[in-house]
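Notes for the structure review
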Amino acid sequence: MRISVGEIVKTQGIRGEVKVKSLSDNEDRFKIGAKLFIDDEIVTIKRAYKQKAMLVLGFEEYDNINDILKFVGKDLTIDEKDLGKLAEDEVYIKDLMGLKVISNGQKVGEIVDVITGVYPNDVYVIKTDRSEVLLPAIKNTIKKIDTEEKIIEVENFSDYE
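Reading the values: the criteria
- Residues numbered from 1 in each chain as written.
- Predicted model: local features only at pLDDT ≥ 70, side-chain atom pairs only at ≥ 80, totals over all residues.
- Heavy atoms only, no water.
- Pairing = 2+ DSSP bridges.
- Helix = DSSP H or I, 4+ residues; strand = E, 2+ residues; numbered from the N terminus.
- Axes fitted to C-alpha atoms, helices over the stretch in contact; angles between N-to-C directions.
- UniProt positions renumbered as here; feature names shortened; annotations may be inferred.
- Patch = residues over 30% accessible without salt bridge, like charges linked within 9 Å, V, L, I, M, F, W, Y side chains within 5 Å.
- Areas by Shrake-Rupley, 256 points an atom, 1.4 Å probe, with all protein chains shown as cover.
- Salt bridge = Lys/Arg side-chain N within 4 Å of Asp/Glu carboxyl O.
- Lys, Arg positive; Asp, Glu negative; His and termini not counted.
- Charge placed at Lys NZ, Arg CZ, Asp CG, Glu CD.
- Buried < 20%, exposed > 50% of the residue type's maximum accessible area, 1.4 Å probe, protein only.
- Core = buried A, V, L, I, M, F, W, Y, C linked by side-chain atoms within 4.5 Å.
- Contact = heavy atoms within 4.5 Å.
- Polar contact = N/O pair within 3.5 Å; in protein donor to acceptor, adjacent residues only side chain to side chain.

An order of 1-2-5-4-3-6 is seen for the six strands of this closed barrel, with the pairing classed as antiparallel. Between one strand axis and the next, the sheet turns by 50 degrees as a mean value, whatever way the strands run.

Below, the discussion takes up the sheet that holds strand 9 (residues 123–127). Taken together, six strands build an open sheet; the order of strands is 10-9-8-7-12-11 and the sheet is mixed. In this open sheet, the two strands that pair with only one neighbour each are strand 10 (132–136) and strand 11 (142–146). Strand-to-strand, the axes of this sheet are offset by a mean angle of 35 degrees, without reference to chain direction. Sheet analysis places strand 7 (residues 100–103) next to strand 12 (residues 151–154), joined by four bridges and oriented parallel.

The subject of this paragraph is the UniProt feature "domain: RimM N-terminal" (unreviewed entry) in the protein. Following the UniProt record, the feature "domain: RimM N-terminal" (unreviewed entry) maps to residues 5–81 here. Taken end to end, residues 5–81 has its terminal C-alpha atoms 13 Å apart, with 5% of it in helix and 52% in strand.

Among the surface-exposed residues, D25, E88, D89 and E90 lie close enough to one another that they form a single negatively charged patch. Turning to its location among the elements, E90 is positioned in the loop between strand 6 (75–79) and helix 2 (93–96).

Along the chain, K52 turns up in the loop between strand 4 (41–51) and strand 5 (54–59). Since its relative accessible area comes to 83%, K52 is described here as exposed. Remark: the alpha-carbon pair of K52 and G33, spanning 19 residues in sequence, is separated by 22 Å.

In terms of nonpolar packing, the biggest core is built from 21 residues, with F30, L36, L57, F59 and L76 touching the most fellow members. Mapped by element, the contributors of at least two residues to this core are strand 1 (2–12), strand 2 (17–22), strand 3 (35–38), strand 4, strand 5 and strand 6. Every residue in contact with L76, bar those within four places of it in the chain, is listed here: I3, S4, V5, G6, I8, V20, F30, L36, F37, I38, L57 and F59. In terms of nonpolar packing, the next biggest core, distinct from the first, is built from 13 residues, I111, V133, L135 and F157 among them.

This next bit is on the side chain of T128. Note on placement: T128 falls in the loop between strand 9 and strand 10. Among the polar contacts made by the side chain of T128, one reaches the main-chain amide nitrogen of R130 at a distance of 3.2 Å. Not counting chain neighbours up to four residues away, the residues in contact with T128 comprise V108, G109, V133 and F157.

If you want it as structure tokens, here you go:
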């Protein structure tokens, strides 16, 4: 299985560079020499720099804008085995999807999305029987995340409905 680590937003200049929205908090993924996938093709980073909130990447395999136009809107991915280890209190976003949300011992919904990079903290989108609820991923709200049991225990869920 492949995991998205960036989204190609648009081209940059005429030398085959692309602007990328990073979906990873591991900056080493975008270092010179790093290998990533675009669909089933492996590309090697030869240039990388930040421009405002985006990354600009150039690939060894491409040096012309006309050759990379086809990649706009595509994801940069890695093999799941290359994700690496997390700290004890960290969880990959992909592992949060579908977790049952428990509040006061009752199932109140399920995580269907995670909003990152907009607020100071992540926000979990929880589908309930009635609507979608935005729940901030902060220590005061999240009591426990158990990816083995596929549950997340939260406090004061009704405050966010």
